[in-house]
Amino acid sequence: MNSTNVGILNLLYHGRFSQNDLALYLDVDSKTLVKNISQLNSSLNDLGLNLIEVKDGKHQLNLEKDQWSYILNAKEFMSSEDIIDYLYIKFIFKGFINLESEKNEFQISRSSINRYFLVVKNMLAENNSSYKYENAKGLRLIHLSLQDKNLFCKKLIKLFVKCDFIISPSTIYYNLFKDSQVNELSEKLYKIFTFSEVSATKFIVAFSLALKICVDTFNGFEFADDYDKLEQYAEIKKLVEKELESYSKDYKQQIFSFLLNLKNKENFFEQGIIERAKLLMKELKKQLNIENIEKGFKELLLKKLYMSLFKYENNILKVYSSKLNNDDKRLLKILDETLLKTGLKIYFYDKVVILGILKKIIIEKNRKDIGNILLLFNEIILPHDLYLKENLQKQIPHINIDIMPSFHLKFNYLNCVNHYDLILSDEITQDLNVEKISSFNYLKVLEKIDKKAIEKGLNNLV
């Protein structure tokens, strides 16, 4: 099965999508999409399952939970890339492979399995790893280079992200890794990360699970842990020893060192992708006029750009349906132009998440330029709403807020328009300088302020 077909199934697992949205997420044209859906329906029909159908303009696939589990994990629904990944991972993990046995496992021809494994051979040769042929037995790995150790780890991370950290019995990887205790690890790792005040993101958890298999396969990796005053981490060390009591000494030591790297802001990401992420961030800052970003936002944006590039380069498609407003579309156009300029690509859903971060940065920058707000009330109790005033003062102490009856604008129009950056009213008006607000809830007011800030930021762009 090709990667587009697998992508369609992954999308429909998460919800209903229009044809345009499917094409957008998968970066294919509509004609190709129609052809792929026809192929999928043929396969689904052969299995006696429901077909992909269009209802109210959206494609959907209604399957039971166990049917979805089978579809998403079955060998029959693996893409060529997935099979190549499996052969690569198995060969390195086991140190040996018999292609005749693998041919029977996937129920494919000898020429197909040889074609898939040729890709594996080319990767190993390019990375300076070596193997030998054992007569009538198979291929045995002789030397594994550092490049292939890193690539092996990346493919494991991809696997754990795609399968939500659990290698279920329905996956082809289950028997391969059933003795590695990875399914029992996630909860233990979460306790350790939480106690250590390290965010247990999907990538970090996936890396930590992959690290267990890397330790079992080639003794893992070396992490810098020459920090001063290691005694300050004694409680973390104690918890690692307790939670991972049944795991190897090497794995416990490497998880502990990994945690110290994270706590001390050391960079453990792949350097090549980090450089591409930095290039993309530099260009985005220039295009959006956000050169000076608050440190927390800067770290957040860089990590998200890194993860987006990593996911695209490793074909990790995990998405949910998203709706874009006009501001989102304007930002998306700039992001797409920046990606084109830098020669980089990411999935559509990751673009949507990045838009959210960029909007926060733009809002934070332009909120500071909003100094005066006028609330025009028709409801008589508004001037006495102390809860509203207190919360607004707490959230936006730099903004002066005046509350006046609606007719105040009529008699002081020019003064109001010239003095206030934002005028909100609880009644409908045709005046373009006045925005309608459904209620004077302080969250609604903050929402309007953020909308004004993002508009201000976008309007200032060339």
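Here the structure is a predicted model, which is why all the values come from computation and not from measurement. (Residues numbered from 1 in each chain as written. Predicted model: local features only at pLDDT ≥ 70, side-chain atom pairs only at ≥ 80, totals over all residues. Heavy atoms only, no water.)

J.: Is there a simple way to explain the overall build of the protein chain in this structure?
T.: A tally of regular secondary structure across the protein chain gives 21 helices and nine strands. Across its three principal directions, the C-alpha atoms of the protein chain cover 95 × 60 × 40 Å. Buried residues in the protein chain amount to 49% of all 462 residues. Relative to all contacts within the protein chain whose residues are 6 or more apart in sequence, the contacts with residues 24 or more apart total 70%. (Helix = DSSP H or I, 4+ residues; strand = E, 2+ residues; numbered from the N terminus. Buried < 20%, exposed > 50% of the residue type's maximum accessible area, 1.4 Å probe, protein only. Contact = heavy atoms within 4.5 Å.)

J.: Quick question: what am I supposed to make of the sheet that holds strand β4 (residues 130-134) here?
T.: For sheets, the rule is that strands pair by backbone hydrogen bonds, running either parallel or antiparallel. The strand order across the open sheet formed by three strands is β3-β5-β4, and the pairing between neighbours is antiparallel. Unpaired on one side and paired on the other, β3 (96-97) and β4 mark the two borders of the sheet. The pairing of β4 with strand β5 (residues 138-143) spans five bridges and is classified as antiparallel. By the bridge assignment, Tyr 131 is partnered in β5 with Leu 141. (Pairing = 2+ DSSP bridges.)

J.: Sorry, what's going on with the sheet that holds strand β8 (residues 422-425) here?
T.: Reading across the sheet, the four strands line up as β7-β6-β8-β9 and stay open at both edges, with parallel pairing between neighbours. A strand with exactly one partner marks an edge of an open sheet, and here the two such strands are β7 (400-405) and β9 (435-436). As paired strands, β8 and β9 are joined by two bridges and run parallel to one another. When the bridges of β9 are listed, Leu 424 appears paired with Glu 435. Together, β6 (372-377), β8 and β9 form the strand contacts of helix α21 (residues 442-459), whose direction differs from that of β8 by roughly 145°. (Axes fitted to C-alpha atoms, helices over the stretch in contact; angles between N-to-C directions.)

J.: Sorry if this is basic, but what is going on with the packing of helix α16 (residues 326-342) against α21 here?
T.: Working note: a packed helix pair is described by the angle between its axes plus the distance between those axes. Two elements in contact, α16 and α21, have axes separated by 11 Å at closest approach and are oriented at 35°. Once α16 is placed against α21, the crossing between them reads as left-handed. Mapping the contact onto sequence places Asp 327, Arg 330 and Leu 331 in α16 and Ile 454, Glu 455, Leu 458 and Asn 459 in α21. Residue classes in the contact of α16 with α21 are distributed as three nonpolar, one polar and three charged. (Left-handed = near helix turned anticlockwise from the far one by under 90°. Nonpolar A, V, L, I, M, F, W, Y, C, P; charged D, E, K, R; others polar.)

J.: What is the right way to read the pattern of salt bridges from this model?
T.: If the charged atoms of two oppositely charged side chains come close together, the side chains can form a pair. For the structure shown, the criterion picks out 22 salt bridges. When the shortest N-O distance is used, the salt bridge between Glu 105 and Lys 75 registers 3.7 Å. In this pair, Glu 105 sits in helix α6 (residues 99-106) while Lys 75 sits in the loop between α4 (65-73) and α5 (80-94), placing the two residues 30 residues apart along the sequence. Residue classification places Glu 105 among the partly exposed residues on the basis of a relative accessible area of 36%. Two residues, Lys 451 and Glu 455, come together in a salt bridge whose shortest N-O distance is 2.6 Å. Highlighted residues: Lys 451 and Glu 455, both in helix α21, separated by four residues, approximately one helical turn. Under the relative-accessibility criterion, Lys 451 is labelled partly exposed at 37%. (Salt bridge = Lys/Arg side-chain N within 4 Å of Asp/Glu carboxyl O.)

J.: How should I be thinking about the nonpolar core in this particular structure?
T.: The nonpolar side chains of a soluble globular protein tend to be buried, and buried together. In terms of nonpolar packing, the biggest core is built from 148 residues, with Leu 87, Phe 152, Leu 156 and Phe 160 touching the most fellow members. With 12 residues, helix α11 (residues 202-218) is the single largest residue contributor to this core. Once you skip the residues sitting within four places of it in the chain, Leu 156 turns out to touch Ile 89, Phe 177, Ala 210, Ile 213 and Cys 214. Counting seven residues, the second-largest nonpolar core is a separate cluster that includes Leu 374, Cys 416, Tyr 420 and Ile 423. (Core = buried A, V, L, I, M, F, W, Y, C linked by side-chain atoms within 4.5 Å.)

J.: I tried to follow the pairing of β8 on my own but got confused; where do I start?
T.: Judged by which residues are buried, β8 turns out to be covered on both faces: Leu 422 and Leu 424 on one side and Ile 423 and Ser 425 on the other are all buried. By the bridge criterion, four bridges tie β6 to β8 in an arrangement that is parallel. From the neighbouring strand, Ile 373 faces β8, where its bridge partner is Leu 422.

J.: I keep staring at helix α10 (residues 185-195) and nothing clicks. Help me out?
T.: Counting along an α-helix, one turn takes 3.6 residues, and residues three or four places apart therefore face a common direction. Looking only at α10, the buried set comprises Leu 185, Ser 186, Leu 189, Ile 192 and Phe 193. When α10 is viewed along its axis, its buried side chains cluster within an angular range of 125° and face the same direction. Opposite the buried face of α10, at more than 90 degrees from it, the exposed residues are Glu 187 and Tyr 190. Summarising the contacts, the buried residues of α10 are in contact with α11, α12 (234-243) and α13 (249-263). Just downstream of α10, Glu 197 is the residue with a positive phi angle, here 60°. (Arc of directions from axis to C-beta.)

J.: So what exactly am I meant to see when it comes to the side chain of Gln 60 here?
T.: By the secondary structure assignment, Gln 60 is in strand β2 (residues 58-60). Gln 60 gets classed as buried once you look at its relative accessible area, which sits at 8%. Of note is the side chain of Gln 60, whose polar atom sits 2.8 Å from the side chain of Arg 16. The residues touching Gln 60, leaving out its near neighbours within four places in the chain, are Leu 12, Arg 16, Leu 51, Ile 52, Glu 53 and Lys 55. (Polar contact = N/O pair within 3.5 Å; in protein donor to acceptor, adjacent residues only side chain to side chain.)

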